[in-house]
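These are the residues of each chain, in order.
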Amino acid sequence: MSRFLTPHAAALPSTVPFTGPETLERQSGTPFRARLGANESLFGPSPKAIAAMAAAAADAWMYGDPENHDLKQALAAHNGVTPAHIAVGPGIDGLLGLICRLTLEPGLAVVTSLGAYPTFNFHVAGNAGALTRVPYKADHEDPEALLAAARATKARLMYLANPDNPMGSHHPAKVIEDLVANLPDHTLLILDEAYADLAPPGSIPSIAADHPQVIRMRTFSKGYGLAGARVGYALTNPDLSRAFDKMRDHFGMSRISQAGALAALADQDWLATVQARTRAARDRLAAIARANGLLPLPSATNFVTIDLGRDGDFARRVLAEMGARGVFSRMPGVAPLDRCIRISLGDDHALYLVEETLPMALKAAG
């Protein structure tokens, strides 16, 4: 271990929250036939976004606009807020890291759900926060348990995803609005809405843009199909939005990403097409699960979580058997959620490969 690390950094595990499909392909020496584990959009970005990024590539010798001015203006208009309410960053993951750097000191309490998006926990650990995790309730994050834990620990941060990853579930807007109304004064809610563009009507709460205790996270990685471009943004009050400028990488957004996000946002017809294809793919993947005697959980996202009806060891074997047959997928990491596997939605060919490999994987795992 390098003698130049801080004691806290030296004590952290040398791990990342996810093992990428590229790593697995290098280990096996064989490429996957279907990449259905990272909740990327196999439907791809808008052709207009692709063209805009291709054009911007010629100007890649220049830094991107450090103020993200044009993108902030467009996002503000799209969301009915002012540009002062918007902070742009390299995906939600990058913004989560900045939030933890801005708000946490060693030992400060943070509340999340046991099994929820692990990258948030990664950033909390990196900033020496004290993490409390509450169980899911019936395959949903439990707002009442999160509130109780926030009060008991005097939590600085509370993290909640709606719709949720990894279960694909969601709470109606009213449930989230009630949670916000009952936040302790000492707690900032990080409301991760990565899947907001794909959620059913009535899922997205009405929260005042100036609310002092809520920061909403959005991304171009899911519905807009730009996961590789790394564009996310936060909706919050201007004081919190400006705070990101204290620590962010001011040249962290490339010109190519900025151009792609602007063009994608302007092409709402493409997003509507992706939403329709997502709904159809949800239905088909759910039917594949039921045909194999499995329970597809209701999904508000671009993946379907499938209850295998047994335990985590069985689910891990199924996952490995699917991977061995060329289908990359993932699963929740902790019990009892780990009785499930999680398969991203895709085009007809990708879902055909799931239909082909799932029964073989179940047989081999059993």
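Here the structure is a predicted model, which is why all the values come from computation and not from measurement.

Describing empty space enclosed by the protein
Reasoning step 1: Applying the stated rule across the entire model yields 1 cavity of 30 Å³ or more.
Reasoning step 2: The volume enclosed by the largest cavity comes to roughly 40 Å³.
Reasoning step 3: Lining the largest cavity we find Glu 40, Ser 41, Phe 43, Leu 198, Lys 222, Gly 223, Val 274, Thr 278, Asn 302 and Leu 345.

Looking at the pairing of strand S6 (residues 188–192)
Reasoning step 1: The buried fraction of S6 amounts to 5 of the 5 residues, a majority that puts the element mostly inside the structure.
Reasoning step 2: Judged from the 5 bridges that link them, strand S5 (residues 157–161) and S6 form a sheet pairing that is parallel. Residue pairing across strands places Met 158 opposite Leu 189, the latter belonging to S6.
Reasoning step 3: A crossover links S5 with its parallel partner S6, the connecting element being helix H8 (residues 173–181), and its sense is right-handed.
Reasoning step 4: Note: S6 against strand S7 (residues 214–219), 4 bridges, orientation parallel. If you follow Leu 191 over to S7, its bridge partner there is Arg 216.

Some words on the layout of surface pockets
Reasoning step 1: If you add up the space inside the largest pocket, you get close to 700 Å³.
Reasoning step 2: Taken together, 32 residues form the lining of the largest pocket, with Thr 19, Leu 319, Ser 329, Arg 330 and Met 331 sitting closest to its centre.
Reasoning step 3: Where the lining of the largest pocket is concerned, the elements lending two or more residues are helix H2 (21–28), helix H6 (118–126), helix H12 (312–324) and strand S11 (327–328).
Reasoning step 4: In terms of residue count, the dominant contributor to the lining of the largest pocket is H12 (5 residues).

What counts and what doesn't
- Residues numbered from 1 in each chain as written.
- Predicted model: local features only at pLDDT ≥ 70, side-chain atom pairs only at ≥ 80, totals over all residues.
- Heavy atoms only, no water.
- 1 Å grid on protein atoms, 1.4 Å probe; cavity = no way out; pocket = protein on both sides within 12 Å on 5 of 7 lines; lining within 4 Å.
- Points joined across faces, edges and corners; volume = space filled by probe spheres on them.
- Buried < 20%, exposed > 50% of the residue type's maximum accessible area, 1.4 Å probe, protein only.
- Helix = DSSP H or I, 4+ residues; strand = E, 2+ residues; numbered from the N terminus.
- Pairing = 2+ DSSP bridges.
- Right-handed = clockwise from strand over helix to strand, strands pointing away.

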